[in-house]
Amino acid sequence: MLAATPIGNTGDASARLVELLGTADIVAAEDTRRLHRLVQSLGVTVAGRVISYHEHNEAAKTAELLEQVRAGSTLVMVTDAGMPSVSDPGFRLVEGAVAAGLTVTAVPGPSAVLTALALSGLPTDRFCFEGFLPRKAGERASRLADLTGERRTMVFFEAPHRLEAMLRALRDRFGPDRPVAVCRELTKTYEEVIRGTLAELLQWAETSEVRGEIAVVLGGAPDKAAGEPADHVAAVNELVAQGIRLKEAVAAVAEDVRVSKRELYSAVLAAR
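Note that this is a predicted model, so its numbers are computed, not measured.

In this structure, what is going on with the packing of helix H9 (residues 233–241) against helix H11 (residues 261–270)? I would like to understand it.
In helix packing, the relevant descriptors are the interaxial angle and the interaxial distance, both defined with respect to the helix axes. Two numbers describe how H9 lies on H11: the axes approach to 9 Å, and their chain directions differ by 80°. Taken as axis vectors, H9 and H11 run roughly perpendicular relative to one another. Residues Val-233, Val-236 and Asn-237 of H9 pack against Leu-264, Ala-267 and Val-268 of H11. Considered class by class, the residues forming the contact of H9 with H11 number five nonpolar, one polar and no charged.

I tried to follow the domain arrangement of the protein on my own but got confused; where do I start?
Often the size quoted for an interface is simply the accessible area lost on bringing the parts together. Partitioning the protein into domains gives domain 1 (2–107), domain 2 (112–218) and domain 3 (229–271). Centre-to-centre separation of domain 2 and domain 3, based on C-alpha positions: 26 Å. Across the contact, five residues belong to domain 2 and seven residues belong to domain 3. Summing both sides of the interface, domain 2 and domain 3 together bury roughly 600 Å²; the carbon and sulfur share of this comes to 44%. Among the residues of domain 2 in contact with domain 3, Thr-148, Arg-151 and Arg-173 are the three that bury the most area, contributing 63% of the side total. At the junction of domain 2 with domain 3, the criterion picks out zero salt bridges. Linking domain 2 with domain 3 are two residue pairs in polar contact (both at pLDDT 80 or more), by the criterion used here. Looking at the side of domain 2 that touches domain 3, its residues break down into one nonpolar, two polar and two charged.

What is the right way to look at the nonpolar core in this model?
The nonpolar side chains of a soluble globular protein tend to be buried with one another. Counting 24 residues, the largest nonpolar core has Phe-156, Leu-163, Leu-167, Leu-170, Val-182, Val-216 and Leu-218 as its most contacted members. Going through the elements one at a time, strand S7 (153–158), helix H7 (163–174), strand S8 (179–184), helix H8 (198–206) and strand S10 (214–218) are the ones with two or more residues in this core. Top element by residues in this core is H7. It accounts for six residues. Aside from chain neighbours lying at most four places away, what touches Leu-170 is Leu-144, Gly-175, Leu-198, Val-216 and Leu-218. In this structure, Val-233, Ala-249, Val-257 and Ala-267 belong to the second largest nonpolar core, which totals 16 residues.

Procedures and definitions
Every chain is numbered independently, its residues counted from 1 as its sequence is written. Totals for whole chains, interfaces and linings use every residue, but because this is a predicted model, local features are given only for residues with pLDDT of at least 70 and side-chain atom pairs only at 80 or more, for both listing and counting. Hydrogen atoms and water are omitted, and side-chain values are computed over all heavy atoms in the structure. Comment: axis = line fitted to C-alpha atoms, over the contacting stretch for helices; angle = value between 0 and 180 degrees taken between N-to-C directions. By the criteria applied, helices consist of DSSP H or I runs no shorter than four residues and strands consist of E runs no shorter than two, each listed in order from the N terminus. In what follows, roughly perpendicular refers to angles from 65 to 115 degrees, roughly parallel to angles under 35, roughly antiparallel to angles over 145, and oblique to any angle outside these ranges. Contact definition: two residues touch when any of their heavy atoms are within 4.5 Å. Classification convention: Asp, Glu, Lys, Arg as charged; Ala, Val, Leu, Ile, Met, Phe, Trp, Tyr, Cys, Pro as nonpolar; all other residues, Gly among them, as polar. Note: domain ranges come from an automatic or database domain assignment. Buried area counts how much accessible surface, traced with a 1.4 Å probe, disappears from two parts once they are put together, with both parts' losses summed. What counts as a salt bridge is simple: a side-chain nitrogen of Lys or Arg found within 4 Å of a carboxyl oxygen of Asp or Glu. Any N or O atom pair separated by 3.5 Å or less is treated as a polar contact, with the protein-specific requirement of one donor-capable and one acceptor-capable atom, and with residues adjacent in sequence counted only for side-chain atom pairs. Remark: nonpolar core denotes a set of buried residues (Ala, Val, Leu, Ile, Met, Phe, Trp, Tyr, Cys) joined through side-chain atoms within 4.5 Å. Exposure categories follow from relative accessible area, calculated using a 1.4 Å probe and restricted to protein chains: below 20% of the type maximum is buried, above 50% is exposed, and the middle band is partly exposed.

So, in C-alpha coordinates, the structure goes:
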(Lines give C-alpha, C1' and ligand atoms only; values in the text may rest on other atoms or scores of the structure.)
Protein backbone atom coordinates (compact mmCIF):
# COMPACT_ATOMS: atom_id res chain seq x y z
CA MET A 1 0.00 0.00 0.00
CA LEU A 2 1.36 3.41 -0.99
CA ALA A 3 0.55 6.11 1.57
CA ALA A 4 0.88 9.84 0.95
CA THR A 5 2.48 11.84 3.76
CA PRO A 6 2.23 15.60 4.44
CA ILE A 7 4.38 17.82 2.21
CA GLY A 8 4.90 20.26 5.06
CA ASN A 9 2.01 20.74 7.46
CA THR A 10 1.51 17.57 9.53
CA GLY A 11 -2.12 18.58 10.01
CA ASP A 12 -2.68 17.38 6.45
CA ALA A 13 -2.08 13.74 7.45
CA SER A 14 -5.17 11.66 6.74
CA ALA A 15 -6.94 9.50 9.31
CA ARG A 16 -6.20 6.46 7.16
CA LEU A 17 -2.47 7.24 7.17
CA VAL A 18 -2.48 7.50 10.97
CA GLU A 19 -4.35 4.21 11.29
CA LEU A 20 -2.11 2.31 8.89
CA LEU A 21 1.12 3.55 10.44
CA GLY A 22 -0.08 2.10 13.73
CA THR A 23 -1.37 -1.23 12.41
CA ALA A 24 0.74 -2.29 9.40
CA ASP A 25 3.03 -5.28 9.76
CA ILE A 26 5.79 -3.51 7.83
CA VAL A 27 6.42 0.18 7.21
CA ALA A 28 8.89 0.81 4.39
CA ALA A 29 10.22 4.36 4.72
CA GLU A 30 12.43 6.44 2.45
CA ASP A 31 14.05 7.97 5.55
CA THR A 32 13.42 6.23 8.86
CA ARG A 33 14.45 9.34 10.80
CA ARG A 34 11.80 11.44 9.08
CA LEU A 35 9.27 8.69 9.69
CA HIS A 36 10.15 8.78 13.38
CA ARG A 37 9.59 12.55 13.50
CA LEU A 38 6.30 12.21 11.63
CA VAL A 39 4.82 9.54 13.90
CA GLN A 40 5.95 11.50 16.97
CA SER A 41 4.14 14.60 15.74
CA LEU A 42 1.05 12.50 14.95
CA GLY A 43 1.12 10.70 18.28
CA VAL A 44 1.32 7.29 16.58
CA THR A 45 3.18 4.21 17.78
CA VAL A 46 4.44 2.04 14.93
CA ALA A 47 3.73 -1.55 15.93
CA GLY A 48 5.19 -3.19 12.83
CA ARG A 49 8.73 -3.55 11.55
CA VAL A 50 10.29 -0.42 10.03
CA ILE A 51 12.48 -0.98 6.96
CA SER A 52 14.59 1.61 5.17
CA TYR A 53 13.61 1.67 1.48
CA HIS A 54 15.14 4.30 -0.78
CA GLU A 55 16.60 4.82 -4.25
CA HIS A 56 19.95 3.28 -3.30
CA ASN A 57 18.59 -0.01 -1.96
CA GLU A 58 15.17 -0.47 -3.57
CA ALA A 59 16.51 -2.81 -6.25
CA ALA A 60 17.85 -5.14 -3.55
CA LYS A 61 14.99 -4.75 -1.04
CA THR A 62 11.99 -5.05 -3.39
CA ALA A 63 12.03 -8.85 -3.69
CA GLU A 64 12.32 -9.22 0.09
CA LEU A 65 9.37 -6.91 0.74
CA LEU A 66 7.19 -8.60 -1.87
CA GLU A 67 7.93 -11.98 -0.34
CA GLN A 68 6.67 -10.68 3.01
CA VAL A 69 3.47 -9.46 1.35
CA ARG A 70 3.04 -12.79 -0.41
CA ALA A 71 3.32 -14.44 3.00
CA GLY A 72 0.40 -12.36 4.29
CA SER A 73 2.03 -9.26 5.78
CA THR A 74 0.48 -5.82 5.36
CA LEU A 75 3.05 -3.43 3.90
CA VAL A 76 2.76 0.37 3.89
CA MET A 77 5.30 2.45 2.02
CA VAL A 78 5.90 6.13 2.78
CA THR A 79 8.37 8.66 1.45
CA ASP A 80 9.64 11.91 2.94
CA ALA A 81 6.70 13.89 1.54
CA GLY A 82 3.78 13.34 -0.79
CA MET A 83 2.88 10.22 -2.76
CA PRO A 84 5.49 7.47 -3.17
CA SER A 85 6.67 6.75 -6.74
CA VAL A 86 6.15 10.38 -7.89
CA SER A 87 9.77 11.61 -8.14
CA ASP A 88 10.32 9.31 -5.14
CA PRO A 89 10.98 5.60 -4.52
CA GLY A 90 8.04 3.28 -4.98
CA PHE A 91 7.79 2.49 -8.67
CA ARG A 92 9.89 -0.69 -8.41
CA LEU A 93 7.68 -1.92 -5.57
CA VAL A 94 4.47 -1.32 -7.51
CA GLU A 95 5.94 -2.81 -10.68
CA GLY A 96 7.04 -5.93 -8.81
CA ALA A 97 3.73 -6.32 -6.99
CA VAL A 98 1.75 -6.02 -10.22
CA ALA A 99 3.99 -8.58 -11.93
CA ALA A 100 3.52 -10.95 -8.97
CA GLY A 101 -0.25 -10.55 -9.00
CA LEU A 102 -0.32 -8.92 -5.57
CA THR A 103 -2.92 -6.32 -4.60
CA VAL A 104 -1.70 -2.72 -4.69
CA THR A 105 -3.69 0.23 -3.43
CA ALA A 106 -3.02 3.76 -2.21
CA VAL A 107 -3.91 6.07 0.62
CA PRO A 108 -4.23 9.40 -1.22
CA GLY A 109 -3.17 12.64 0.33
CA PRO A 110 -1.02 15.75 -0.14
CA SER A 111 0.67 16.31 -3.51
CA ALA A 112 3.21 19.05 -4.20
CA VAL A 113 2.46 18.76 -7.93
CA LEU A 114 -1.27 19.39 -7.64
CA THR A 115 -0.91 21.98 -4.88
CA ALA A 116 1.54 24.03 -6.94
CA LEU A 117 -0.62 23.70 -10.05
CA ALA A 118 -3.72 24.85 -8.20
CA LEU A 119 -1.96 27.89 -6.69
CA SER A 120 -0.07 28.92 -9.83
CA GLY A 121 -2.89 30.87 -11.45
CA LEU A 122 -2.10 29.08 -14.73
CA PRO A 123 -4.49 26.81 -16.69
CA THR A 124 -5.22 23.56 -14.88
CA ASP A 125 -7.42 21.77 -17.42
CA ARG A 126 -4.42 20.12 -19.10
CA PHE A 127 -0.99 19.73 -17.54
CA CYS A 128 2.07 17.50 -17.48
CA PHE A 129 4.60 16.73 -14.75
CA GLU A 130 8.28 16.82 -15.76
CA GLY A 131 9.95 16.25 -12.38
CA PHE A 132 13.55 17.46 -12.04
CA LEU A 133 15.35 18.69 -15.14
CA PRO A 134 18.86 17.27 -15.79
CA ARG A 135 21.62 19.09 -13.94
CA LYS A 136 24.02 19.27 -16.88
CA ALA A 137 23.36 22.23 -19.17
CA GLY A 138 23.48 20.24 -22.41
CA GLU A 139 21.11 17.53 -21.19
CA ARG A 140 18.79 20.16 -19.74
CA ALA A 141 18.71 22.05 -23.04
CA SER A 142 17.88 18.84 -24.90
CA ARG A 143 15.00 18.04 -22.52
CA LEU A 144 13.60 21.55 -22.87
CA ALA A 145 13.87 21.35 -26.66
CA ASP A 146 11.53 18.36 -26.48
CA LEU A 147 9.01 20.64 -24.73
CA THR A 148 9.19 23.50 -27.23
CA GLY A 149 5.70 22.98 -28.57
CA GLU A 150 4.10 21.74 -25.34
CA ARG A 151 0.76 23.52 -24.92
CA ARG A 152 -0.13 22.03 -21.55
CA THR A 153 0.87 23.71 -18.29
CA MET A 154 4.13 22.13 -17.09
CA VAL A 155 5.11 21.38 -13.49
CA PHE A 156 8.76 20.88 -12.47
CA PHE A 157 10.64 20.30 -9.22
CA GLU A 158 13.94 22.06 -8.56
CA ALA A 159 16.49 22.49 -5.78
CA PRO A 160 16.74 26.07 -4.48
CA HIS A 161 20.44 26.43 -5.33
CA ARG A 162 19.74 25.47 -8.97
CA LEU A 163 16.59 27.58 -9.42
CA GLU A 164 18.34 30.57 -11.01
CA ALA A 165 20.05 28.38 -13.63
CA MET A 166 16.77 26.61 -14.33
CA LEU A 167 14.80 29.83 -14.83
CA ARG A 168 17.53 31.14 -17.13
CA ALA A 169 17.33 27.96 -19.20
CA LEU A 170 13.53 28.26 -19.35
CA ARG A 171 13.77 31.89 -20.45
CA ASP A 172 16.31 31.05 -23.15
CA ARG A 173 14.11 28.25 -24.50
CA PHE A 174 10.59 29.66 -24.10
CA GLY A 175 11.20 33.41 -24.20
CA PRO A 176 11.12 36.12 -21.50
CA ASP A 177 7.35 36.65 -21.60
CA ARG A 178 6.17 33.09 -20.87
CA PRO A 179 4.11 33.07 -17.62
CA VAL A 180 5.53 31.10 -14.70
CA ALA A 181 5.00 30.60 -10.97
CA VAL A 182 7.59 29.54 -8.41
CA CYS A 183 5.98 27.83 -5.42
CA ARG A 184 8.10 27.23 -2.36
CA GLU A 185 7.57 25.75 1.09
CA LEU A 186 4.01 24.72 0.21
CA THR A 187 1.74 24.26 3.29
CA LYS A 188 4.59 25.37 5.56
CA THR A 189 4.92 28.50 7.69
CA TYR A 190 6.80 30.47 5.02
CA GLU A 191 4.79 29.32 2.01
CA GLU A 192 5.28 31.67 -0.93
CA VAL A 193 4.05 31.74 -4.53
CA ILE A 194 5.75 34.20 -6.89
CA ARG A 195 4.02 34.74 -10.22
CA GLY A 196 5.12 36.64 -13.31
CA THR A 197 7.02 36.21 -16.55
CA LEU A 198 10.20 34.19 -16.90
CA ALA A 199 12.17 37.44 -17.19
CA GLU A 200 10.64 38.80 -13.98
CA LEU A 201 11.14 35.64 -11.95
CA LEU A 202 14.69 35.19 -13.18
CA GLN A 203 15.46 38.71 -11.94
CA TRP A 204 13.83 37.83 -8.62
CA ALA A 205 15.92 34.64 -8.30
CA GLU A 206 19.11 36.53 -9.14
CA THR A 207 18.55 38.97 -6.28
CA SER A 208 16.98 36.67 -3.66
CA GLU A 209 18.27 34.01 -1.33
CA VAL A 210 15.88 31.22 -2.30
CA ARG A 211 15.33 28.44 0.20
CA GLY A 212 13.02 25.51 0.77
CA GLU A 213 11.25 22.95 -1.39
CA ILE A 214 10.55 24.34 -4.88
CA ALA A 215 7.93 23.60 -7.53
CA VAL A 216 7.95 25.57 -10.78
CA VAL A 217 4.77 25.84 -12.87
CA LEU A 218 5.23 27.02 -16.45
CA GLY A 219 2.51 28.12 -18.85
CA GLY A 220 2.16 26.13 -22.07
CA ALA A 221 2.99 27.37 -25.54
CA PRO A 222 0.42 29.79 -26.95
CA ASP A 223 -1.45 28.94 -30.12
CA LYS A 224 0.21 30.38 -33.20
CA ALA A 225 -0.92 30.99 -36.72
CA ALA A 226 0.80 28.43 -38.90
CA GLY A 227 1.82 30.64 -41.83
CA GLU A 228 4.03 29.19 -44.55
CA PRO A 229 6.85 26.70 -43.82
CA ALA A 230 9.40 29.21 -45.15
CA ASP A 231 8.31 31.63 -42.41
CA HIS A 232 9.78 29.32 -39.77
CA VAL A 233 13.19 28.49 -41.23
CA ALA A 234 14.89 30.97 -38.91
CA ALA A 235 13.41 29.27 -35.85
CA VAL A 236 14.79 25.92 -37.02
CA ASN A 237 18.22 27.41 -37.67
CA GLU A 238 18.22 28.95 -34.21
CA LEU A 239 17.68 25.54 -32.63
CA VAL A 240 20.37 23.98 -34.81
CA ALA A 241 22.79 26.72 -33.71
CA GLN A 242 22.09 25.69 -30.11
CA GLY A 243 23.24 22.14 -30.86
CA ILE A 244 19.91 20.49 -31.71
CA ARG A 245 19.98 18.03 -34.62
CA LEU A 246 18.28 19.31 -37.77
CA LYS A 247 15.51 16.70 -37.86
CA GLU A 248 14.75 17.22 -34.16
CA ALA A 249 14.72 21.01 -34.63
CA VAL A 250 12.36 20.71 -37.60
CA ALA A 251 10.05 18.39 -35.65
CA ALA A 252 9.96 20.75 -32.65
CA VAL A 253 9.21 23.87 -34.69
CA ALA A 254 6.69 22.08 -36.92
CA GLU A 255 4.75 20.91 -33.88
CA ASP A 256 4.95 24.34 -32.28
CA VAL A 257 3.60 26.26 -35.27
CA ARG A 258 1.49 23.47 -36.76
CA VAL A 259 3.06 23.09 -40.17
CA SER A 260 4.09 19.96 -42.07
CA LYS A 261 7.45 18.57 -40.97
CA ARG A 262 8.22 17.45 -44.50
CA GLU A 263 7.47 20.86 -46.00
CA LEU A 264 9.40 22.69 -43.30
CA TYR A 265 12.41 20.39 -43.77
CA SER A 266 12.33 21.08 -47.50
CA ALA A 267 12.12 24.83 -46.86
CA VAL A 268 15.17 24.69 -44.57
CA LEU A 269 17.22 22.80 -47.17
CA ALA A 270 16.09 25.18 -49.92
CA ALA A 271 17.23 28.18 -47.89
CA ARG A 272 20.78 26.86 -47.52
